[in-house]
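Residues per chain, in single letters:
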Amino acid sequence: MIQKVVLLGALAAAAYKDYREQKVYVQEMLGVGMLGILLQIVYQSPALFDMLAGAAIGVGVLVLAWLTKESIGFGDGIAVVVSGIFLGFWKNLELILAALFLAGVAALLLLVIKKRGRKYRVAFLPFLAAAYLLQLL
């Protein structure tokens, strides 16, 4: 339960900052990641391999951020690494797919209703936090 509260709080705080400032504070997310590793050691869940595989999804997002010259932000990738530490592979995969779905719906609405262009930037962490909240429900 502690892990869920910590991750939800961290994602909510980072989502707020991402929405308001279009910036993710990497140092804060790395601190939460270290706390996640400590909590996983104490509570032994998920298994080490599952935790590493979950974090690997975030590493994949970091590689995509590098390849796309940060069309996807590095901070978003760090946040997915941290969520992978807490959730493991399958739950993190569910989380990222749900967040991408929510972001896609929002982007479609922005295109159609608000007449925003393709290049309009949307903060991703609010969708990641919303997807995690849905996952908890």
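Here, the structure is the one placed above.
In this text, all values refer to a predicted model and were calculated from it rather than measured experimentally.

(A) Seen up close, unusual backbone geometry. A positive phi is found at Q22, a non-glycine position, where the angle reads about 55°. Since its relative accessible area comes to 45%, Q22 is described here as partly exposed. For K69, which is not glycine, the phi dihedral falls at a positive 50°. The topology assignment puts K69 in the loop between α3 (48-67) and α4 (74-87). Here K69 falls in the exposed class, since its relative accessible area comes to 75%.

(B) Looking closely at the side chain of D18. Inspection of the secondary structure puts D18 in helix α1 (residues 2-21). Since its relative accessible area comes to 5%, D18 is described here as buried. In terms of polar contacts, D18 uses its side chain to reach the backbone amide nitrogen of F124, at 3.3 Å. In contact with D18, not counting residues within four places along its chain, are K23, V24, D76, A123, F124, L125 and P126.

(C) Main features of the packing of aromatic side chains. Counted according to the given criterion, the structure contains one aromatic pair. Judged by centre distance (4.8 Å) and plane angle (85°), the ring pair of F89 and W90 falls under edge-to-face. Classification of F89 as partly exposed rests on a relative accessible area of 25%. The class for W90 is exposed, based on a relative accessible area of 59%.

Rules and cut-offs
Residues numbered from 1 in each chain as written. Predicted model: local features only at pLDDT ≥ 70, side-chain atom pairs only at ≥ 80, totals over all residues. Heavy atoms only, no water. Buried < 20%, exposed > 50% of the residue type's maximum accessible area, 1.4 Å probe, protein only. Helix = DSSP H or I, 4+ residues; strand = E, 2+ residues; numbered from the N terminus. Polar contact = N/O pair within 3.5 Å; in protein donor to acceptor, adjacent residues only side chain to side chain. Contact = heavy atoms within 4.5 Å. Phe/Tyr/Trp six-rings, centres within 6.5 Å; stacked < 30°, edge-to-face > 60°.

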